[in-house]
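# A structural walkthrough
Each chain, letter by letter, is given below.
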Amino acid sequence: MKYSQIKDESHLRKIIKPYPKILDNRIQPQLDYFCQEFISKATHCILGTCSNKKNLQIRLLTISAVDLSATTMQLAVQGINVSASEPFQPVLSNKLQGSLYFLIPDIDHGLRVNGVICSTQTGSTCQLSITVESAYMQCARAATRAQLWANNNPDIFNYGLLLTHNWSGKSEISPKGEPTDLIYQLNERQWAIPERPGNKVAISLRNILQTGKAAILLLNQFGHAKYISGACFISDQPELLSSMSVQKKPALLATVIEQETQLSDQPFQVPMLKNSTPQKIELTDFSKAMSQHLHRSNTIKKLLQPVVTLATKIDMKHLY
């Protein structure tokens, strides 16, 4: 079946309305206290890069040591080079634009950091050096939809990280989550990812419109993963969107990936996301951190916090 496609951003914005420009303020030019706090407590990160403006690479990494400043990060990590289906290799010895998405067990929101990345390898440990260009808190909707940390079925892959890049090669990682499996198989080569309400900025969708490429790493907390990448388009086909309905509400859009990789959709082992022994994490509330990021004035920051708290609660009640 040939699906209708979104061709440009003006078409996209007829479905996902333009976002309030104050949201641009959430992007921080360096790592403030709240970003450093989050990274220092993270156990894993997903690293995404794009080389030669076309080759997407995505890896799940376990963090063993962190050294932070406002503008740089040093991470000691171990993990899997998912894209090549082989042990993690130091393919980043040359500087590359990249994205990192940090995860903390039992915490649904995340942190995205973009910058210039290079690496060195010592045994099974890789040292990543990141010059920070931007950082921003990611809301909890994706992990909450997926019930990521409460999922007791190792065969379900309803949480994933979507990797895209823009025309200049800068990559972005966006979390996606569903109550059941995240991706829908349309035919032998095509897979669809539903787009739900709340993605106001729509950076990944805008990247896909520019380059027509994407990759997704599907995860669960049990150490299982799947990986799919290839050419990509955004569809507004009504029948397709209806087939991905949740609570009788169709998807807003569908991201369709035409699989190109040698790696199949069969699951493979990755580091477990969560230790069997739960630990209490002391972390600044998402709404407080976000309100601090949205405005420079301390007075306005205080006024914004109850507004951000209310808006977050409303968003979390309207996941579909």
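Since this is a predicted model, take the numbers as computed values, not measurements.

### Thoughts on helix α2 (residues 33–41)
Residues of α2 that are buried: F34, C35, E37, F38 and I39. N-cap assignment for α2: the residue whose side-chain oxygen lies 3.2 Å from the backbone N of F34 is D32.

### Considering the side chain of T284
On the secondary structure map, T284 appears in the loop between β15 (268–269) and α6 (286–294). Within polar-contact distance, the side chain of T284 engages the side chain of E37 at 2.9 Å. Those residues in contact with T284 that lie beyond four places of it in its chain are Y33, F34, E37 and A289.

### Digging into unusual backbone geometry
The phi torsion at Q147 lies on the positive side, around 50°, for a residue other than glycine. Backbone geometry at Q247 places phi at a positive 55°, although glycine is not the residue there. Examined against the element boundaries, Q247 turns out to sit in the loop between α5 (238–243) and β14 (253–259).

### Overview of helix α4 (residues 203–211)
Structurally, the α-helix is built with 3.6 residues per turn, so residues lying three or four positions apart point the same way. Along α4, the positions that sit buried rather than exposed are S204, L205, N207 and I208. Projected onto a plane normal to the axis of α4, the buried residues spread over an arc of 160° and lie on a single side.

### Looking at the nonpolar core
Side chains of nonpolar character tend, in soluble globular proteins, to be buried together. In terms of nonpolar packing, the biggest core is built from 34 residues, with L100, F102, V113 and L128 touching the most fellow members. It is strand β7 (residues 125–138) that contributes the most residues to this core, 6 residues altogether. Discounting residues that sit within four places of it in the chain, L100 has contacts with C45, I46, L47, M73, L75, L111, R112, V113, I117, L128, I130 and I173.

### Considerations on the pairing of strand β9 (residues 171–177)
Extensive coverage of β9 is indicated by the burial of 7 of its 7 residues. Side chains S171, I173, P175 and G177 of β9 all project onto a buried face; the interleaved residues E172, S174 and K176 project onto the opposite face, where all are buried too. Where strand β8 (residues 159–165) lies against β9, 7 bridges are found, and the strand directions are antiparallel. The residue of β9 that forms the bridge with T164 is E172. Where β8 folds back onto β9 in an antiparallel hairpin, the turn is made up of 5 residues, including G169, whose phi is positive at roughly 95°.

Each value, and the rule that gives it
- Residues numbered from 1 in each chain as written.
- Predicted model: local features only at pLDDT ≥ 70, side-chain atom pairs only at ≥ 80, totals over all residues.
- Heavy atoms only, no water.
- Buried < 20%, exposed > 50% of the residue type's maximum accessible area, 1.4 Å probe, protein only.
- Helix = DSSP H or I, 4+ residues; strand = E, 2+ residues; numbered from the N terminus.
- Polar contact = N/O pair within 3.5 Å; in protein donor to acceptor, adjacent residues only side chain to side chain.
- Contact = heavy atoms within 4.5 Å.
- Arc of directions from axis to C-beta.
- Core = buried A, V, L, I, M, F, W, Y, C linked by side-chain atoms within 4.5 Å.
- Pairing = 2+ DSSP bridges.

Just distances and angles here, no functional claims.
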